[in-house]
Amino acid sequence: MRADRIASLVMKGALALFIAVWVMVAVIVGAGAWRFVSANGLVGPLLSSRWSPLAAHYGILAFVVGSMAVTGLALVLAAPGVLALSVTGARILRGAPQRAFIQILTLFVAVPSVVYGWWGLSVAVPLIRRLTGTAGFGPLSAGIVLAVMIVPTFSIMALQTLRQVPSSLVEGSLGLGATEDQTLWHVILPASRAGLSQGFLVAVGRALGETIAVQMVIGGQSRVLSLLKPGATLTTQLLTDLALMPARTPGHDALDFMALWLMILMAVLVWLQSRVKGMSRG
Amino acid sequence: MAPDIEVDSLDVWYGQARALKEVTLHLGPGRVLALIGPSGCGKSTFLRVLNRMIDRSPQVRVKGAVRVGAFEVLAGDVDVTALRRTVGMVFQQPNPFPMTIFDNVAYGPRIAGLRQMAKLRQTVEDSLKKAALWDEVRGKLRRSAMSLSGGQQQRLCIARALAVNPQVLLLDEPTASLDPVSTAKIEELIVQFKTHYTMVIVTHNLQQAARVSDAVAFFEHGRLVEMGPTHDIFTAPRERRTEEFLTGRFD
Amino acid sequence: MADGQWRGARPLKSPGQGRAAHKILAGMAVLAVLLLLSVVVPLAAQAVPALNAAFLFGRAPGAIAPEAVNTVTMVAISAAVSFPLALLAGLYRVEFARPSRWTQAFDQFTGTMLSVPSIVVGLVVVDVAVVRWHWPVSTLTGMLALALMNWPLTVALVVEALQSVPGLYRDGSWALGASRWQTVTRLILPLALPQMIEQGGMAVARLMGETAVLIYTAGVNVGPGWALGGPGESLAVHLWLLRTEGVTDLASAQAAATGVVLLGLVFLVLWGSRRLAEWLQDTA
């Protein structure tokens, strides 16, 4: 029992340290963001797209729109691939080929994002350049790179969900004279709603938070949405300006402001995930 | 009209494991056949052959012929969806779809192409009435099927099967997971359905087989040991193995 | 029952009615796999000219050994620091804390922090360690950043692994008079360990490929030898720098070769952790 008490104390300490450190992270970001909001207001910077820190213009609209556009584009482009890979892996392949398929997808989940960025620079950007006659850098290329990057993650989650649909439901449908296709659309996919939404939210989080792969192909200019011209997102702008704006300058506070938005978005996504999980149970 | 079922020296293999050996039997139209026998004796395999649900198992090989009414069940070109619409199935665990009660019953007709709401509504109501569930769920058709009790769920699954106008019903231990009251209701339905549907029921409950069936088939190790009228099987089985199984002196 | 009798029976083929959509999806899946391979195969192809002993192990400028050493040491040490801390916190969360609104809030907190973009972690580490504490941009600062971002992920994976052990086992152990601590160390941890190791492998793989957080913390240079306070460019950062700043043919071949080495390390970690997990599972 003494061991119990000591162990419990040590574990409580580790837990408290974890919470304290990460609360500090949030506080540091929050403090910078607070200074920024006191100086520039909350709404103004969100509605302006003029980003020139040297002239004290801190409009982040272009980055917000850029993040949303790139993420949305990636999800739309990834969706057919995710559907195809997850249905194939869960409902077409069986036995050893199925296991091999899942292992290969898992390997791609672990491929570092900088490698996907490399692919973007070596394959996607030249391709867009040839097809459109532009430089090839921009949100379109970034969306393509992100799509390829989130396909394995999203597909694995979707695959595991589709695999868990009880075979009693499938047989119930087939037993009524439904074809395999009808069973897929009308029973298997609806029954997997919760898990698919979960995977969707994780994919949104990954796309929204990705920095390096996007930075390598988006071009890096503050411009409100043009798919084929260089743009920027919240994360890529953080990366570019981190070196230029030393801590405790107004410019650095603007970065904290953007970082806080990213943290809030992630909290919302995680909250939505917990709601979805509840949905599947109830 | 309810069809008859004719099985002629049926063999089924899973890979190299033989699940059924030279099963031959005939079941007249509108009759109820109970399949009994120890676990793994092949009765579920036999049931799953009748609506080709066995297709879902990998590496199945067959020999012999199975006819359900006009369907040559094992023919290469049989219309499986039409066969399954004719031969309905009710499973061991109630398996309502995670949708509303209405959508569950309307599932089959919709899949078959019925779109008119008025007709759908009529079909759903008729089917629920036939399954003796209508009085309990009227006015709650928009609720999730998951909100029903286990016994109600099983009757919903029966209604769902009836909604596509089957002529044969396969019941795979339909009361195995239910309490005695729900079991009695399902048995009552089976007795009512006699002559309207040809039925094959797998059951571990010998009293149930005695109560609901016209004929009993006893399977062991994939062989049909004995089949005969229910009364005869239970009072004077011809085979020693059947008698040992019925009296519990079975190893 | 003669052998080979089954050959006399005909295979039962499903007529395959109404599988058109499945076939189309399978075709699309083949295309998707080819697309994914188009990430890895050209990388390997372009790496060939640069993949030689001098590049991999040499001491000449441009050789990659220092980056590889930086990557492995930073990842190993930061994982070695964050994993035990996370394990203890996760153990308390699952095995000792009573489920309540607080544990729910804690899970939400952990989930949020593990999905915070790594560049935000970089921002904070630069702000605190480099600017306030005057730590050099170095392997040390890089490790701090990696350990910090690995922490919530590891807590989450520990929690998940512990929760996957059925509660009945705990009841069984307590019913025999075992204390919580005994139950955890003798029963629960061994059962949860394989999953922790496999997921931990994924976490370590993620650290190896991490780029954004390291650029301003560990830096983009290498020193003459490894040092805790020395410059700490990693493989991933090296690849990023070569590919975004280099324009020569040599640079792009070297970038691809760096990518191949990085992928090799990542896959090695995944393979190793999986084998270890399987071995533990088999011996359990």
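Fair warning: this is a prediction, and the values are worked out from it, not measured in the lab.

Caption draft 1: Inspection of the interface of chain A and chain C at higher detail. Counting from both sides, the interface comprises 69 residues of chain A and, opposite them, 66 residues of chain C. Ranked by the residues each element gives to the side of chain A that touches chain C, the list is headed by helix α1 (residues 2-40) of chain A, at 15 residues. Of the residues contributing to the side of chain A that touches chain C, the split by class is 52 nonpolar, 13 polar and 4 charged.

Caption draft 2: Fine view of the nonpolar core. Membership of the largest hydrophobic core comes to 264 residues, with the highest contact counts inside it found for V145 and L146 of chain A. The greatest single-element share of this core, amounting to 17 residues, is contributed by helix α6 (residues 139-163) of chain C. Excluding residues that lie within four positions of it along the chain, L146 of chain A makes contacts with V70, A74, A207, E210, A213 and V214 of chain A.

Caption draft 3: Here's a closer look at the pairing of strand β1 (residues 5-14) of chain B. Residues and elements named next belong to chain B. By the bridge criterion, 8 bridges tie β1 to strand β4 (residues 60-68) in an arrangement that is antiparallel. Looking at β4, one finds that Y14 is bridged to V60. In this structure, β1 lies alongside strand β2 (residues 17-27), joined through 7 bridges in antiparallel fashion. By the bridge assignment for β2, Y14 is matched with A17. Hairpin remark: β1 followed by β2, antiparallel, with 2 residues in the connecting loop; positive phi at G15, about 60°.

Caption draft 4: Quick look at the interface of chain B and chain A. Chain B puts 21 residues into the contact, and the matching count from chain A is 14 residues. Elements supplying a minimum of two residues to the side of chain B that touches chain A: α2 (80-86), β6 (87-90), α3 (101-111) and α6 (150-162) of chain B. Take the side of chain B that touches chain A: its biggest share by element is 4 residues, from α2 of chain B. Residue classes in the side of chain B that touches chain A are distributed as 12 nonpolar, 6 polar and 3 charged.

Caption draft 5: Representation of the pairing of β6 of chain B. Residue and element names in this part refer to chain B. Burial of the side chains of β6 extends over both faces: V87 and M89 are buried on one face and G88 and V90 on the other. Both β6 and strand β7 (residues 168-172) contribute to a ladder of 4 bridges, which runs parallel. Looking at the pairing, V87 lines up with V168 of β7.

Caption draft 6: View of the environment of L239 of chain A. Turning to its location among the elements, L239 of chain A is positioned in helix α11 (residues 234-242). Accessibility expressed as a C-beta count within 10 Å gives 26 for L239 of chain A, which makes it buried. Expressed as a C-alpha distance, the spacing of L239 of chain A and I212 of chain A, which sit 27 residues apart in the sequence, is 8.3 Å. Look past the residues within four positions of L239 of chain A in its chain and what remains in contact with it is T211 and Q215 of chain A together with I119 and A212 of chain C.

Caption draft 7: A look at the packing of α3 of chain B against α6 of chain B. Residue and element names in this part refer to chain B. Put simply, α3 and α6 touch, their axes get as near as 7 Å, and they point 35° apart. Crossing of α3 against α6: the hand is right-handed. For the pair α3 and α6, the contacting residues are I101, N104, V105, Y107 and G108 in the first and L156, A159 and R160 in the second. For the contact of α3 with α6, the per-class residue count stands at 5 nonpolar, 2 polar and 1 charged.

Caption draft 8: Molecular detail of the environment of M149 of chain C. All names here are of chain C. Mapped onto the fold, M149 is located in helix α6. By the C-beta count within 10 Å, which is 28 here, M149 ends up buried. Taking C-alpha positions, M149 is 15 Å from Y216, a pair spaced 67 residues apart along the chain. In this structure M149 touches S118, V121 and V213, once residues within four positions along its chain are discounted.

Here is what the cut-offs are and how they apply
- Residues numbered from 1 in each chain as written.
- Chains lettered and ligands numbered in written order.
- Predicted model: local features only at pLDDT ≥ 70, side-chain atom pairs only at ≥ 80, totals over all residues.
- Contact = placed C-beta atoms within 7 Å.
- Helix = DSSP H or I, 4+ residues; strand = E, 2+ residues; numbered from the N terminus.
- Nonpolar A, V, L, I, M, F, W, Y, C, P; charged D, E, K, R; others polar.
- Core = buried A, V, L, I, M, F, W, Y, C linked by C-beta atoms within 7 Å.
- Buried ≥ 20, exposed ≤ 12 C-beta atoms within 10 Å, placed from the backbone.
- Pairing = 2+ DSSP bridges.
- Axes fitted to C-alpha atoms, helices over the stretch in contact; angles between N-to-C directions.
- Left-handed = near helix turned anticlockwise from the far one by under 90°.

Spatial relationships are all this shows, so hold off on functional conclusions.
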